[in-house]
Amino acid sequence: MTHSATESTHRSGTYRSGIDRDGSHPDSNGQDTTGSNQSQGPRPLRIRILGPMEISGQGEDRTPSAPMARRLLAALLLHANEQVRTSTLIDELWDGEPPRLARKTIQTYVYQLRKPPHSAVVGTGAGGIGERVETCPNGYRIRLAPDELDLWQFERHLARARVDLGDGDPESAARRLRVGLALWRGDAFADIETGPALAARVAQLADARLGAVQLRVEADLRLGRHHRLMGELRQLTADHPLNEEFAAQFMLAAYRSGQRGTALETFGQLRRDLVDELGIEPSHRLQRLQRDVLNEAPALDLAPDRATAVRGTDIQAAPAAPEAPGTPAAVLPLTPVIAQLPADTPDFVGRRAELARIVTHAKSGSDPLLTAPQVVTVLGQAGSGKSTVTVRAAHLLREHFTDGQFHVRLHDENDRPTDPAAALRSLLRDIGMRVYELPDQVDELARIFRSWSADRSLLLVLDDAYGPEQVLPLLPGGSLSAVLVTSRVRLPGLPGAANVELGPMETDDAVELLASLAGADRVGADVDAARQTVRLTGNLALGVRAVGEKLAARRMWSVTELAARLAPENHRLAELGSGSLDVLGRLAGACARLAEPDSQALAGLAGAGAVPFDIPRAARTLAMDTWAAELLVGRLLDHHVVEIAESAPGAATVYRIPELLRLVAQTHAHARDMADAELRLMSGTPLRAGQAAVPCFTSVLSTTA
């Protein structure tokens, strides 16, 4: 998680020239050449990113023209007044496939930003953006004043409008929101090719823009401007058919305009869309609004004093002029609603039942007898799509948790579990608390967070938890919030948690995902081969996406050819590992998280082949008694590296290892055997006749690490 843009604008610090600490800048080949450009102080700039990126100063265009320099600048602007590590910039510019001299190339792009005005990129000498870029240890920083970036201006107007609306001044709120929304000229960074971080931020900004529209419509409804809102709301509900807030506003505007039938039709259309798309009913709030419309409840009418006060007002009243830069109000610290959800997946397929369960459980906190947050755990093996499904559910739930949405990753980039204290410090920092004033003890940090969140309606997504002890300190106080937790392992000890299991995809859904990636015509030409292809991946979401992307990149292959290439087990992992998705790495990571006895057992069971097994067969394979085998298989089941193949009352339960995970575990077992043989050869120790292939399970009943 990062600081919000608004917070970063108020950090103290002085501007410096866009040169390296030794007074030099890198040339186009990445070499440092001494320069004498010393800044006389930064000239005011106007930076517009809410649309195509535009930078102007002193009446002249200062926008960089080199495409990669523009992308670098966009990444710096995302974290203005903060240091951005070079490794972060490399990930953003090349998304996991950097060139060999990536750091030198970054230096070249920074140099392009700092070029003098006669170059393709206007820079330091004419008061351009280059003089704001400074070199830091292991990264770069761009320095901006609070009134120079249109995004910060938008956020200030939005935050002040919320205050105005809360203070009962919808007229001022509507004016401020019109000024803020007028800053948008299209999608944020519309002309910049986005990397992963920028794409996620663009999605968040789009949500913030939509939220500002909702707030402005609410202000206009309070002002009695329902007649003039009808056309706009009709279009908004058509553009956002699953958005309950726009539907509710349209129903209210239609009812107050004397169009009760339109209000009821709007509810009916929303219900059909929600049921068809997600298999869920409208929220209790919408259902209550429908009943009020049917009953012509007086509560829906505009208050008489407000109706009198706004009679004759015009929704097109001139907006208030923006505050002059530099006024005290322009730099007041603000705390806008935090919206950290990652971008939704546009080609999402299937999982309707699981989505409906997640949404239903998360929204069940409306029971007045509840005093704790709703917790939903989404469980499944690595690559099953837990994060994707949970993020989709979180976006569907956003409007129910209006005080903020947080996203916390519970493993770092090296697959190490995140310390709960560190996660809490990040949460408290993001809500505006000073990190250096926070205690070190996790219990005290959790107490502060519970106190802050007790009366707020928050949605937390805790991604990839390793155990309940990591999740419990992060739970908010009160019953108005909900927490969605994804994990590869079962999480006992979370009070009242509802569990949603993600198994393999349905074959039809997996084929649909394959078609969305590789083309419906190609997949539709041989549906049988497509079904065989997804079955060879074990219907694993990550595997299906990997083969779909590979098929899309190999236009000369048919689906039949792809299925033939995947059929041999000794080729399948290599085929899946050669694309942009690290299927092998993700699944190997799942094995690496197991305790050593469990990892050895998984390798032993995988080495026995693809045949499903019951407990007695597992005991024979692992050379242990059935009681120990049952305990061990249970632990593998809890970690979702083993799944139930068949289960019926009165019959023995049959298990199997998911297809791709079995191949990965087999590979690791073979590598371990080869390493053991090499050690014996080096030490001169011969392999004894009849020696077991599976290592001795001296600690098979030890607890999982």
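Residues numbered from 1 in each chain as written. Predicted model: local features only at pLDDT ≥ 70, side-chain atom pairs only at ≥ 80, totals over all residues. Heavy atoms only, no water.

A. Region of the structure containing the overall build of the chain. Secondary structure assignment for the chain yields 28 helices and 15 strands. Within the chain, the proportion of its 705 residues that are buried is 49%. Sequence separation of 24 or more characterises 69% of the internal contacts of the chain that already satisfy a separation of 6 or more. For the chain, the exposed area adds up to about 32700 Å²; of that, 51% sits on carbon and sulfur atoms. (Helix = DSSP H or I, 4+ residues; strand = E, 2+ residues; numbered from the N terminus. Buried < 20%, exposed > 50% of the residue type's maximum accessible area, 1.4 Å probe, protein only. Contact = heavy atoms within 4.5 Å. Areas by Shrake-Rupley, 256 points an atom, 1.4 Å probe, with all protein chains shown as cover.)

B. Geometry of the sheet that holds strand β7 (residues 133-136). Spatially, β6-β8-β7 is the arrangement adopted by the three strands of the open sheet, whose pairing is antiparallel. Of all the strands in the sheet, the pair left with one neighbour each is β6 (84-85) and β7. Here β7 runs beside strand β8 (residues 139-142); their pairing, made up of four bridges, is antiparallel. Each residue of the ladder has a partner; that of T135, found in β8, is Y140. In this fold helix α2 (residues 67-78) packs onto β6, β7 and β8, with an angle of close to 70° to the strand it touches most, β8. (Pairing = 2+ DSSP bridges. Axes fitted to C-alpha atoms, helices over the stretch in contact; angles between N-to-C directions.)

C. Representation of the sheet that holds strand β5 (residues 60-61) within the structure. Spatial strand order, β3-β4-β5: three strands in an open sheet with antiparallel pairing. Either end of the sheet is taken by a strand with one partner, and the two such strands are β3 (46-48) and β5. Where β3 meets strand β4 (residues 54-57), three bridges bridge the pair, whose relative direction is antiparallel. Paired with R46 across the strands is S56, a residue of β4.

D. Inspection of the packing of aromatic side chains at higher detail. Per the counting criterion, the structure on display carries five aromatic pairs. Ring centres of F406 and W452 lie 6.3 Å apart, and the angle between their planes is 85°; on these two criteria the pair is classed as edge-to-face. In this pair, F406 sits in strand β10 (residues 405-409) while W452 sits in helix α16 (residues 442-453), placing the two residues 46 residues apart along the sequence. Measuring from ring centre to ring centre gives 6.2 Å for F449 and W452, while their planes differ by 25°; the resulting arrangement is stacked. Pair noted here: F449 and W452 are both in helix α16, with a separation of three residues, about one helical turn. These aromatic residues form a ring-pair network of at least three members: F406, F449 and W452. (Phe/Tyr/Trp six-rings, centres within 6.5 Å; stacked < 30°, edge-to-face > 60°.)

E. Representation of helix α9 (residues 244-256) in the model. Its 13 residues place the ends of α9 18 Å apart at the C-alpha level, agreeing with the 18 Å of an ideal helix rising 1.5 Å per residue. With 12 of 13 residues buried, α9 is to be regarded as a mostly interior element. Within α9, the full set of buried residues consists of E244, E245, F246, A247, A248, Q249, F250, M251, L252, A253, A254 and Y255. In the core, the buried residues of α9 are packed alongside α7 (196-222), α8 (226-239), α10 (260-278) and α11 (284-294). Phi turns positive one or two residues past the end of α9, at G258, with a value near 80°. (Expected span 1.5 Å × (residues − 1).)

F. Layout of the environment of W94. With respect to the element layout, W94 can be found in helix α3 (residues 86-94). Distance in space between the C-alpha atoms of W94 and G195 is 7.4 Å, their sequence separation being 101 residues. Once residues lying within four places of it in the same chain are set aside, the contact partners of W94 are M68, P99, A102, T105, I106 and Y109.

G. Summary view of α16. Between its first and last C-alpha, α16 extends 16 Å over 12 residues, near the 16 Å set by a 1.5 Å rise per residue. Those residues of α16 that sit buried are L445, A446, F449, W452 and S453. End-on view of α16: buried residues confined to an arc of 125°, all on one side of the axis. Along α16, exposed side chains directed more than 90 degrees from the buried face belong to D443 and S451. Buried-residue contacts for α16 involve β10, α15 (420-430) and β11 (459-465). (Arc of directions from axis to C-beta.)

H. Geometry of the pairing of strand β13 (residues 498-501). Only one face of β13 is covered, namely the face carrying A498 and V500; the face carrying N499 and E501 is uncovered. Where strand β9 (residues 374-379) and β13 come together, four bridges link them in parallel fashion. Residue pairing for β13: V378 is matched across the bridge by V500.

I. Here's a closer look at unusual backbone geometry. Phi at N138 takes a positive value of approximately 65°, unusual for a residue other than glycine. One can find N138 in the loop between β7 and β8. A positive phi is found at E296, a non-glycine position, where the angle reads about 50°. Note that E296 resides in the loop between α11 and α12 (304-310).

J. Inspection of the nonpolar core at higher detail. Grouped together as the largest cluster of nonpolar side chains are 100 residues, with contacts concentrated most on I47, I49, I106, I142, F154, F189 and L484. If sequence neighbours within four positions are ignored, F189 has contacts with I49, G51, M53, A74, L78, L198 and V202. Counting residues in each nonpolar core, the second largest holds 59 residues, with A601, L622, V633 and V642 among its members. (Core = buried A, V, L, I, M, F, W, Y, C linked by side-chain atoms within 4.5 Å.)

K. Seen up close, the environment of R234. Following the sequence through the fold, R234 ends up in helix α8. Take R234: its relative accessible area is 45%, and that puts it in the partly exposed class. Counting along the chain gives 17 residues from R234 to M251, while the straight-line C-alpha distance between them is 9.9 Å. The residues touching R234, leaving out its near neighbours within four places in the chain, are F250, Q259 and T262.

L. Seen up close, the pattern of salt bridges. Under the criterion given, the structure shown has 33 salt bridges. We note a salt bridge from R48 to E54, for which the minimum N-O separation is 2.4 Å. On the basis of relative accessibility, which here comes to 23%, the residue R48 falls in the partly exposed class. Judged by relative accessible area, E54 falls into the partly exposed class, the value being 31%. A salt bridge links E296 to R260; the shortest N-O distance between them is 3.9 Å. Here E296, found in the loop between α11 and α12, pairs with R260, found in helix α10; they are 36 residues apart in sequence, far enough to count as distant. Take R260: its relative accessible area is 32%, and that puts it in the partly exposed class. Salt bridges linked by common partners bring E171, R178, R216, D220, R225 and E232 together as one network. (Salt bridge = Lys/Arg side-chain N within 4 Å of Asp/Glu carboxyl O.)

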